[in-house]
Amino acid sequence: EVQLVESGGGLVQPGGSLRLSCAASGFTFTSYYMSWVRQAPGKGLEWVSAINSGGGSTSYADSVKGRFTISRDNAKNTLYLQMNRLKPEDTAVYYCAAAKSLHDIVVGTPEYWGQGTQVTVSP
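Note on numbering: residues in each chain are counted from 1, in written sequence order. At least 70 in pLDDT is required for a residue's local features to be given in this predicted model, at least 80 for side-chain atom pairs to be given and counted, and no such filter applies to totals for whole chains, interfaces and linings, which use all residues. Neither water nor hydrogens contribute to the side-chain values; these are computed over all heavy atoms in the structure.

J.: Where do I start with the overall build of the chain in this structure?
T.: Numbering goes from the N terminus for both helices and strands, where a helix is a DSSP run of H or I of at least four residues and a strand is a run of E of at least two. Per the secondary structure count, the chain includes 1 helix and 11 strands. Secondary structure elements of the chain occur, N-terminal to C-terminal, as β-β-β-β-β-β-β-β-β-α-β-β. Compactness check: the chain gives a C-alpha radius of gyration of 13 Å against a globular reference of 14 Å for 123 residues, within 12% of the reference. Burial classification: accessible surface area is computed with a 1.4 Å probe over protein chains only, and a residue below 20% of its type maximum counts as buried, one above 50% as exposed, and the rest as partly exposed. Considering the chain as a whole, with its 123 residues, one finds that 42% of them fall into the buried category. Relative to all contacts within the chain whose residues are 6 or more apart in sequence, the contacts with residues 24 or more apart total 56%. Element-wise, carbon and sulfur atoms account for 49% of the exposed surface of the chain, whose accessible area totals about 6000 Å². Both charge centroids of the chain, one from 10 positive and one from 9 negative side chains, sit 7 Å from each other. In this setup the radius of gyration rests on C-alpha atoms only. A globule is expected at 2.2 Å times the number of residues raised to 0.38. Should any heavy atoms of two residues lie within 4.5 Å, those residues are counted as being in contact. Computed with a 1.4 Å probe, the accessible areas rest on the Shrake-Rupley method; for each residue, only the protein chains presented here act as cover. A residue counts as positive if it is Lys or Arg and as negative if it is Asp or Glu; His and the chain ends are not included. Here the site of a charge means NZ on Lys, CZ on Arg, CG on Asp, or CD on Glu.

Structure, rendered in structure tokens:
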């Protein structure tokens, strides 16, 4: 059974930091691109960041560039998102997703999704 389990969300003040984790199982983690996607209240899905299977190539949405860092530990089958200098507009449910290609991530059709973790940025 494929599982992507996010954790690390919570309530944080503006300017604070959080580190999200996504534990993967049931598929060959090292063969997949991984990404983070978020959905703010009342809005559609927004791609946040992606990383290739080896971890050597990353990309970010302009809205988070310079503040968020994506990484992965292939030995632990785990994806991370370090979020710094958080803003109220970062409030959303954050999902991790797995895809065989960057194209699938870009067009929003990854193969596997997690259940999401809530991040709330508020004074």
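Past the structure itself, the notes keep going.
J.: Which parts of the structure should I look at to understand the pairing of strand β3 (residues 18-25)?
T.: Two faces belong to every sheet, and in a regular strand the side chains alternate between them. As paired elements, strand β1 (residues 3-7) and β3 share 5 bridges and run antiparallel to each other. Its bridge partner being in β3, glutamate 6 is matched across the sheet by cysteine 22. In this structure, β3 lies alongside strand β8 (residues 78-83), joined through 6 bridges in antiparallel fashion. Looking at the pairing, cysteine 22 lines up with leucine 79 of β8. At least two DSSP bridges between two strands are required for those strands to pair.

J.: How should a nonpolar patch on the surface be read in this particular structure?
T.: The residues that make up patches have over 30% relative accessible area and no salt bridge, and they are joined within 9 Å when like-charged or within 5 Å when they are Val, Leu, Ile, Met, Phe, Trp or Tyr. For this analysis, a salt bridge means a side-chain nitrogen from Lys or Arg found within 4 Å of a carboxyl oxygen belonging to Asp or Glu. The grouping of Leu102, Val106 and Val107 at the surface amounts to a nonpolar patch, some 270 Å² of accessible area in total. Take valine 106: it is sitting in helix α1 (residues 102-106).

J.: How should I be thinking about the packing of aromatic side chains in this particular structure?
T.: Here a ring pair, both rings aromatic, is described through the centre-centre distance and the interplanar angle of the planes. Here the aromatic set is Phe, Tyr and Trp, taking the six-membered ring for Trp, and pairing holds for ring centres within 6.5 Å; pairs whose planes are under 30 degrees apart are stacked, those over 60 apart are edge-to-face, and all others are tilted. If you walk through the whole model with that rule in mind, you get 5 aromatic pairs. Here phenylalanine 27 and tyrosine 112 contribute two aromatic rings whose centre-to-centre distance is 5.0 Å and whose plane-to-plane angle is 40 degrees, an arrangement assigned as tilted. Taken as a pair, phenylalanine 27 in the loop between β3 and β4 (33-39) and tyrosine 112 in strand β10 (residues 112-113) lie far apart in primary sequence, 85 residues in all. Note on tyrosine 95 and tryptophan 113: the rings are 6.2 Å apart at their centroids and 85 degrees apart in plane angle, and the pair reads as edge-to-face. You can see tyrosine 95 sitting in strand β9 (residues 92-99) and its partner tryptophan 113 sitting in strand β10, a full 18 residues away along the chain. By relative accessible area, tyrosine 95 is classed as buried at 18%. Its relative accessible area of 37% is what places tryptophan 113 among the partly exposed residues.

J.: Even after reading the chapter, I still don't get the state of the cysteines, so can you show me in this structure?
T.: Between two cysteines, a covalent bond joining their sulfur atoms is known as a disulfide. Cysteine sulfur pairs qualify as disulfides if the two atoms are within 2.5 Å. Applying the stated criterion across every chain yields a total of 1 disulfide. Paired by a disulfide, cysteine 22 and cysteine 96 hold their sulfur atoms 2.0 Å apart. Because the sign of the S-S torsion sets the handedness, a value of about 50 degrees for the bond joining cysteine 22 and cysteine 96 places this disulfide among the right-handed ones. In this pair, cysteine 22 is assigned in strand β3 and cysteine 96 in strand β9, connecting sequence segments 74 residues apart. Residue classification places cysteine 22 among the buried residues on the basis of a relative accessible area of 0%.

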